[in-house]
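What follows is the residue order along each chain.
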Amino acid sequence: MVDPQTRFEELVAKLREQKYRLTPQRIALLRLLAASDGHPSASQLYEQMNDQFPTTSLATVYKTLNVLKEIDEVLELGFSGDDNRYDGNKPYPHSHLICIRCRKIMDSEVSIAQDLVPQVAQQSGYQIISHRLDFYGVCPGCREGE
Ligand SMILES: [Zn+2]
Ligand SMILES: [Zn+2]
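Caption draft 1: Highlighting the pattern of salt bridges. Scanning the entire structure with this criterion turns up seven salt bridges. Note that Arg 7 and Glu 10 form a salt bridge whose closest N and O atoms lie 2.5 Å from each other. Within this pair, Arg 7 and its partner Glu 10 are both found in helix H1 (residues 4–17), separated by three residues, close to a single helical turn. Here Lys 69 makes a salt bridge to Glu 76, at a shortest N to O gap of 3.1 Å. We classify Lys 69 as partly exposed; its relative accessible area is 30%. Each of Arg 7, Glu 10, Lys 14 and Glu 73 takes part in salt bridges that share partners, so that together they form one network.

What follows is the structure in structure tokens.
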């Protein structure tokens, strides 16, 4: 995980460059995104925001996420039949571990996918722009309860 404070400052600087207006609510949201290693959904972010800013709407959360998506500063993970989840700490493609019980999503510290990119490009003739590699399993927390 990238240092949350460094990443937070990076996000603020990127949005300032875009002339994006940084309200206290948006700043709080950027702080959450920079520090979250659990890949929250928009509604989870909205709930976390609500303690501090009860007037925040889900639309505000989506709007900020969309702006970040446009400038490639958040990684969006889409799932069929489940909410999209977001990684604002590491916006570039990386592999994930997904718990099938509690739906927790962690970053895998093993960079298999990155090492495969040149091989796949060479073999297929594709210019690779992105990739996605998810590992499904049962997390240590859930295994303990077995
Ligand atoms: Zn779990
Ligand atoms: Zn991630």
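Caption draft 2: Layout of the nonpolar core. Within the largest apolar cluster, 21 residues are counted, with the highest numbers of intra-cluster contacts made by Leu 15, Leu 30, Leu 33, Leu 65 and Leu 68. Among the secondary structure elements, those contributing two or more residues to this core are H1, helix H2 (24–35), helix H3 (42–52) and helix H4 (58–70). With five residues, the top contributor of residues to this core is H2. Contacts of Leu 15, omitting those with residues within four sequence positions, involve Tyr 20, Leu 22, Leu 30, Val 67, Leu 68 and Ile 71. Leu 75, Leu 77, Phe 79 and Ile 105 belong to the second largest nonpolar core, which has five residues in total.

Caption draft 3: Structural detail: the coordination of the zinc ion (ligand 1). Cys 99 (SG), Cys 102 (SG), Cys 139 (SG) and Cys 142 (SG) make up the full set of protein donors to the zinc ion (ligand 1), lying at 2.3 Å. Of note is the zinc ion (ligand 1), whose four donor atoms meet at the metal with angles of 104 to 116° in an arrangement that counts as tetrahedral. Look at where the donors of the zinc ion (ligand 1) fall in the sequence and you get C-x2-C-x36-C-x2-C. Relative accessible area serves as the criterion here: at 39%, Cys 102 is assigned to the partly exposed category.

Caption draft 4: Representation of the coordination of the zinc ion (ligand 2) in the model. Note on the zinc ion (ligand 2): its protein donors are His 39 (NE2), Asp 87 (OD), His 94 (NE2), His 96 (NE2) and Asp 107 (OD). The metal-donor distances range over 2.0 to 2.1 Å. Counting the intervening residues between successive donors of the zinc ion (ligand 2) yields the motif H-x47-D-x6-H-x1-H-x10-D. Of this pair, His 39 sits in the loop between H2 and H3 while Asp 107 sits in strand E4 (residues 105–107), and the two are 68 residues apart along the sequence. Look at His 39 and you get buried, because its relative accessible area is 0%. Exposure remark for Asp 107: the relative accessible area of 13% places this residue in the buried category.

Conventions we followed
- Here the residue numbers are simple positions, counted from 1 along each chain's written sequence.
- Each chain gets a letter, beginning with A, and each ligand a number, beginning with 1, in the order they are written.
- Selection of residues for local features in this predicted model requires a pLDDT of at least 70, selection of side-chain atom pairs for listing and counting requires 80 or more, and totals for whole chains, interfaces and linings are taken over all residues.
- The basis for the side-chain values is all heavy atoms of the structure; hydrogens and waters are excluded.
- A carboxyl oxygen of Asp or Glu within 4 Å of a side-chain nitrogen of Lys or Arg is what we treat as a salt bridge.
- Only DSSP runs of H or I covering at least 4 residues are called helices, and only runs of E covering at least 2 are called strands; the numbering of each starts at the N terminus.
- Relative accessibility under 20% of the residue-type maximum defines a buried residue, over 50% an exposed one, and the middle range a partly exposed one, all with a 1.4 Å probe and only protein chains included.
- Among buried residues, the Ala, Val, Leu, Ile, Met, Phe, Trp, Tyr and Cys ones that are joined through side-chain atoms within 4.5 Å form a nonpolar core.
- We call two residues in contact whenever any of their non-hydrogen atoms come within 4.5 Å of each other.
- Each metal site lists N, O and S donors within 2.8 Å (3.2 Å for Na, K and Ca). With water left out of the atoms, a site can look as if it is missing ligands.
- Working rule for geometry: tetrahedral if four donors all subtend angles between 85 and 135 degrees; square planar for four, octahedral for six, if opposite donors exceed 155 degrees and the others stay between 65 and 115; irregular in every other situation.

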